[in-house]
Amino acid sequence: MTPHDLLWRRLDWNLMRLFHEIVQHGGVSAAARALGRQQPATSQALSRLEDQLGVQLCERGPGGFSLTPEGRIIFDISSEMVELMRQAPDLLTQAAGSVRGHLRIAIMSSIRDREFDQILAAMARRHPLLEVSIDLAPWQSILDAVRTGEADAGIAYVQILDSVLAYEPLFSETQQLYCSANHALFGQSFDNPRALADEHFFLTGRDEPVELMNFRRQFGLGKNARGGSEDLGELKRLILTGAAIGFLPTCIVEDEVRRRELWPLLSYRPLPSYPVYLVTRPAKTRPLPAQLLLDEARRRLTAKKGE
């Protein structure tokens with residue numbers, strides 16, 4: 001047996017997991033607080049791991065906490081180890097022939113799409129033992145939740161695609177400018193959006209898609225803001241008061257428009273539009289429930305294209 005083989009056989013994998021937590025929390029003290037451990041014991045555990053490996057893994061001092069080149073290598077290995085252990089229940093369930101577990105989906109407020117509803121219904125039929133929960137969040141928070149593993153999948157607008165996550169386009173949203181039935185503009189139509197530049201607006205805030213922001217800025221809309229909400233349901237509630245006008249996705253106000261509670265103000269085209277994605281982690285780190293959701297989405301979208 002070589003010294004190399006002996007090292008890996010004797011290595012304490014609990015120390016590797018603890019090292020992963022130390023790096024994730026940005027240092028020994030922060031990790032100790034998060035894990036409910038004593039700081040000296042956590043520091044000693046890190047020292048034991050360095051002794052076993054025979055390398056220095058991090059720099060600690062007035063300049064803060066940073067990884068050495070060797071530390072980055074060990075962190076990558078420990079990350080893979082932690083991820084594999086996290087996937088173990090899913091893999092065991094899959095081997096047993098029936099999918100159990102919990103699919104956690106983070107979704108933008110007021111999403112209304114028949115295809116997504118059918119995807120969820122198909123998942124429920126195909127995997128009756130799988131629990132599904134849905135949480136509402138702004139689109140940026142959704143991406144962060146999927147990236148950190150707090151959510152298995154997200155349904156979100158995406159401003160910039162990056163290689164850290166995987167994206168499957170589900171549908172497109174189009175934004176229209178609306179007023180309520182008790183607003184002075186009700187019943188009017190404008191082919192020049194700039195004619196509404198002096199109106200009071202309710203705005204989406206930080207969760208506003210960049211396509212809508214650029215459209216507003218192009219025509220000087222929203223300079224006179226009376227508030228707003230990142231939750232589209234609450235934004236719709238504000239617009240219905242008649243105190244100001246505001247943009248909403250056309251798909252979430254169909255009932256209100258049909259009942260003439262809201263009125264679309266713009267005849268101008270094109271209106272701001274953007275894709276909405278099913279967002280997951282890449283295949284290598286994607287949990288089984290998220291993979292099953294992605295597979296179902298791809299089946300539904302392929303079938304739709306063939307119709």
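*Asks:* Provide a residue-level description of unusual backbone geometry, including the pertinent values.
*Replies:* Following Arg269, the chain continues to Pro270 via a peptide bond in cis, the omega torsion being 5 degrees. Within the secondary structure layout, Pro270 lies in the loop between β10 (262–264) and β11 (273–280). Even without glycine at this site, Arg260 takes up a positive phi of about 60 degrees.

*Asks:* Account for the pattern of salt bridges, with residues named and values stated.
*Replies:* As enumerated under the stated definition, the model contains 12 salt bridges in all. As a salt-bridge pair, Asp144 and Arg147 come within 2.9 Å of each other at their nearest N and O atoms. Taken together, the residues Asp144 and Arg147, both in helix α7 (residues 139–148) and three residues apart, mark about one turn of the helix. The exposure class of Asp144 is partly exposed, given its relative accessible area of 34%. Counted as one network, the salt bridges with shared partners bring together Arg126, Glu296 and Arg299.

*Asks:* Can you break down a nonpolar patch on the surface residue by residue, with the values?
*Replies:* On the surface, a cluster of nonpolar side chains totalling about 280 Å² of accessible area is made up of Trp13, Ile73 and Ile77. By secondary structure assignment, the location of Ile77 is in helix α5 (residues 69–96). Using a relative accessible area of 33% as the deciding quantity, one classes Ile77 as partly exposed.

*Asks:* Tell me about helix α9 (residues 232–240), and please be specific about residues and values.
*Replies:* For α9, the complete set of buried residues consists of Leu232, Leu235, Lys236 and Ile239. An end-on view of α9 places all buried positions within 100 degrees of arc, on one side of the element. Looking at the buried residues of α9, the elements they touch are β6 (166–180), β7 (200–203), β8 (224–228), β9 (246–249), α10 (254–258) and β10. One side-chain oxygen of the residue at the start of α9 lies 2.8 Å from the amide nitrogen of Gly233, identifying that residue as Asp231.

*Asks:* Account for the packing of aromatic side chains, with residues named and values stated.
*Replies:* Given two aromatic rings, their pairing is described by the distance between the two centres and the angle made by the two planes. Counting across every chain of the model gives nine aromatic pairs. Each residue in the set Phe201, Phe215, Phe219, Phe247 and Tyr268 is aromatic and connected to the rest through ring pairs, giving one cluster.

The rules behind these values
- Residues numbered from 1 in each chain as written.
- Predicted model: local features only at pLDDT ≥ 70, side-chain atom pairs only at ≥ 80, totals over all residues.
- Heavy atoms only, no water.
- Helix = DSSP H or I, 4+ residues; strand = E, 2+ residues; numbered from the N terminus.
- Salt bridge = Lys/Arg side-chain N within 4 Å of Asp/Glu carboxyl O.
- Buried < 20%, exposed > 50% of the residue type's maximum accessible area, 1.4 Å probe, protein only.
- Patch = residues over 30% accessible without salt bridge, like charges linked within 9 Å, V, L, I, M, F, W, Y side chains within 5 Å.
- Areas by Shrake-Rupley, 256 points an atom, 1.4 Å probe, with all protein chains shown as cover.
- Arc of directions from axis to C-beta.
- Contact = heavy atoms within 4.5 Å.
- Polar contact = N/O pair within 3.5 Å; in protein donor to acceptor, adjacent residues only side chain to side chain.
- Phe/Tyr/Trp six-rings, centres within 6.5 Å; stacked < 30°, edge-to-face > 60°.

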